[in-house]
Amino acid sequence: MISAVLTIDDVPSKNTRPIVDYLESRGIQAILFAYGKRLERLPENGVYALQHGMILGNHSYAHPGFSKISFEEGRREIEKCEELLDRVYREAGVERLFRPFRFPYGDKGGENKSALQKFLKENRFNKVKDTQIAFPWWKEQELDRDIDTFWTFDFAEYRIRPDSGFTMEDVWKRVYDPAPQSGGPMLKDGSNHIILMHAHDETEEMVPKYWQLMIDRLLEEGVQFVQPAFF
Ligand SMILES: [Zn+2]
């Protein structure tokens, strides 16, 4: 068996609603990492996701690389997004039970890494339960200790852009790669994953319903999506 928690970055987008409708139809609860500027622009799509059973996580306010900003700037980035998330949860009438966080680009802040982890811990952000992840590099890279939500598999579908040369074929190559250079092999039997996908309207223009194509493919391959659990 292969099990996976689904995470979707850069919400809310225009395609957030159809993605949520689709996930609901498949009985999949995902963590949607939202960033502040997008929450300001499309709060109703954040509300919609919550009212349809999704969890919203913090993905900063302006989506900077945290190694390129100071600790103080990073702290403000996180706090500003928190305020917006609290507001969206209130508007949706949904109780906010969990506070997962994901760094933009997975950039953990360079020299500020430990200060940022301490901040996340002290401010009661929730670590996604990862004890079932058995890839050796997960512990070697101390991802089992970090509070932020990293991932074990990245579709990389955000690279599908006009002129990028990256297509859905490359996405499928990643899905079927038995020995990827980064992350864990998606379809290795017995593995447990945190999967990364993005809600990008730019990708939607290139490949309509790319999210359904990718998730349906994993379902066909026997991947079971599990409800996110937290420490
Ligand atoms: Zn992002």
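Our subject is the structure that appears above.
Cut-off values and rules
Residues numbered from 1 in each chain as written. Predicted model: local features only at pLDDT ≥ 70, side-chain atom pairs only at ≥ 80, totals over all residues. Axes fitted to C-alpha atoms, helices over the stretch in contact; angles between N-to-C directions. Helix = DSSP H or I, 4+ residues; strand = E, 2+ residues; numbered from the N terminus. Parallel < 35°, antiparallel > 145°, perpendicular 65-115°, else oblique. Left-handed = near helix turned anticlockwise from the far one by under 90°. Contact = placed C-beta atoms within 7 Å. Nonpolar A, V, L, I, M, F, W, Y, C, P; charged D, E, K, R; others polar. Buried ≥ 20, exposed ≤ 12 C-beta atoms within 10 Å, placed from the backbone.

Enquirer: I keep staring at the packing of helix α3 (residues 43-51) against helix α4 (residues 71-92) and nothing clicks. Help me out?
Expert: In helix packing, the relevant descriptors are the interaxial angle and the interaxial distance, both defined with respect to the helix axes. Relative orientation of the contacting elements α3 and α4 amounts to 60°, with a least axis distance of 9 Å. On the basis of the axis angle, α3 is oblique to α4. In this structure, α3 crosses over α4, and the sense of that crossing is right-handed. Together, Pro43, Gly46, Val47, Leu50 and Gln51 of α3 and Val88, Tyr89, Glu91 and Ala92 of α4 make up the contact between the two elements. A breakdown of the residues in the contact of α3 with α4 according to their chemical character gives six nonpolar, two polar and one charged.

Enquirer: Help me understand the environment of alanine 115, please; the structure alone is not making it clear to me.
Expert: Tracing the sequence through the fold places alanine 115 in helix α5 (residues 113-122). A sequence separation of 73 residues divides alanine 115 from lysine 188, and the C-alpha atoms of the two residues are 35 Å apart.

Enquirer: Looking at this model, I keep getting lost on unusual backbone geometry. Mind explaining?
Expert: Most peptide bonds take the trans configuration, and most residues that are not glycine carry a negative phi. A cis amide bond links valine 11 with the next residue in sequence, proline 12, at an omega value of -5°. By the element assignment, proline 12 lies in the loop between β1 (2-11) and α1 (16-25). Phi angles above zero are rare outside glycine, and lysine 209 is one such case at about 55°. Counting through the fold element by element, lysine 209 comes out in the loop between α8 (201-206) and α9 (210-220). A tally of 14 C-beta atoms within 10 Å means that lysine 209 is categorised as partly exposed.

Enquirer: Just checking my understanding: could you explain the packing of α1 against α3 for this structure?
Expert: At a closest axis distance of 9 Å, the pairing of α1 and α3 adopts a crossing angle of 5°. Between α1 and α3, the crossing angle belongs to the class labelled roughly parallel. The residues of α3 that touch α1, namely those facing Thr16, Arg17 and Val20, are Asn45, Tyr48 and Ala49. Of the residues contributing to the contact of α1 with α3, the split by class is three nonpolar, two polar and one charged.

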